[in-house]
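# Residue-level structure breakdown
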Amino acid sequence: MSLCEVCWAAGAEYECRLCRRRVCPKHFRVDAGLCSVCHENLCEVCGQRLAVDSCVVCGRLVCRQCSAELQPGIRACRECYSRIREHARRGAGLRYLERVIGSPRGRDKTYNG
Ligand SMILES: [Zn+2]
Ligand SMILES: [Zn+2]
Ligand SMILES: [Zn+2]
Ligand SMILES: [Zn+2]
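Residues numbered from 1 in each chain as written. Chains lettered and ligands numbered in written order. Predicted model: local features only at pLDDT ≥ 70, side-chain atom pairs only at ≥ 80, totals over all residues.

### Describing the environment of Arg29
Rules: Secondary structure is summarised from DSSP: a helix means a run of H or I of at least four residues, a strand means a run of E of at least two, and numbering begins at the N terminus for each. Placing a C-beta atom from the backbone of each residue, one calls two residues in contact when those atoms lie within 7 Å.
Along the chain, Arg29 falls in strand S3 (residues 28-29). For Arg29 and Cys16, which are 13 residues apart along the polypeptide, the C-alpha to C-alpha distance reads 8.8 Å. With sequence-adjacent residues up to four places away left out, Arg29 is seen in contact with Leu34, Ser36 and His39.

Structure below.
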């Protein structure tokens, strides 16, 4: 039996559907069909693909498909992105963005738009 490719201690019984790693039951989420590593890095919007970054506004992990680049290296999920676009249309986009990115509490869940 092959060893779990996460802990290298227990026998692998499952295969992750994303990374194809073979893992032990402890490192596999049966409900999601994913190894624990992928499960922790999963896009919180679609829950289907691995996240590439987190949304600068709401802090959720997002994959490439569920996010858009606001500025190089700065991503927002589609929801927050469209909200920013809304603000931008009213001419408040940049100020809104600065407030979000500039404040250390920008990632806080209590943010209320
Ligand atoms: Zn393991
Ligand atoms: Zn995996
Ligand atoms: Zn996604
Ligand atoms: Zn967001």
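Having seen the model, we can carry on.
### So, unusual backbone geometry
To keep it simple, the criterion reads: Think of it as a crowd count around each C-beta: if 20 or more other C-beta atoms lie within 10 Å the residue is buried, if 12 or fewer it is exposed, and in between it is partly exposed, with C-beta placed from the backbone throughout.
Positive phi, close to 55°, is recorded for Trp8, a residue that is not glycine. Relative to the assigned elements, Trp8 resides in the segment before strand S1 (14-15). C-beta crowding within 10 Å serves as the criterion here: with 9 such atoms nearby, Trp8 is assigned to the exposed category. We note that Arg20 has phi near 65°; this positive angle belongs to a residue other than glycine.

### A look at the nonpolar core
Cut-off, in case you're wondering: To count as a nonpolar core, a set of buried Ala, Val, Leu, Ile, Met, Phe, Trp, Tyr and Cys residues must be joined through C-beta atoms within 7 Å. As used throughout, domain bounds are those supplied by an automatic or database domain assignment.
Formed by 28 residues in total, the largest nonpolar core has its most connected members in Cys55, Val62, Ala76, Cys77 and Cys80. Elements represented by at least two residues in this core include exactly strand S4 (34-35), strand S8 (74-77), helix H2 (78-89) and helix H3 (93-102). Residue contributions to this core peak at 3 residues, all from H2. Three or more residues apiece are contributed to this core by two domains, here domain 1 (1-40) and domain 2 (53-104). In this view, Cys55 contacts Arg60, Val62, Ser67, Arg75, Ala76, Cys77 and Cys80; residues no more than four positions away in its chain are not counted.

### So, the pairing of S8
Just so we agree on the cut-off: A pair of strands is considered paired only if DSSP assigns at least 2 bridges between the two.
Across 4 bridges, the pairing between strand S7 (residues 67-71) and S8 is antiparallel. Within S8, the position partnered with Gln71 by the bridge is Ile74.

### Some words on the environment of Leu18
One can find Leu18 in the loop between S1 and strand S2 (22-23). The exposure class assigned to Leu18 is partly exposed, which follows from the 18 C-beta atoms found within 10 Å. In the structure, Leu18 is positioned 15 residues away from Gly33 in sequence and 8.4 Å away in space, judged by C-alpha atoms.

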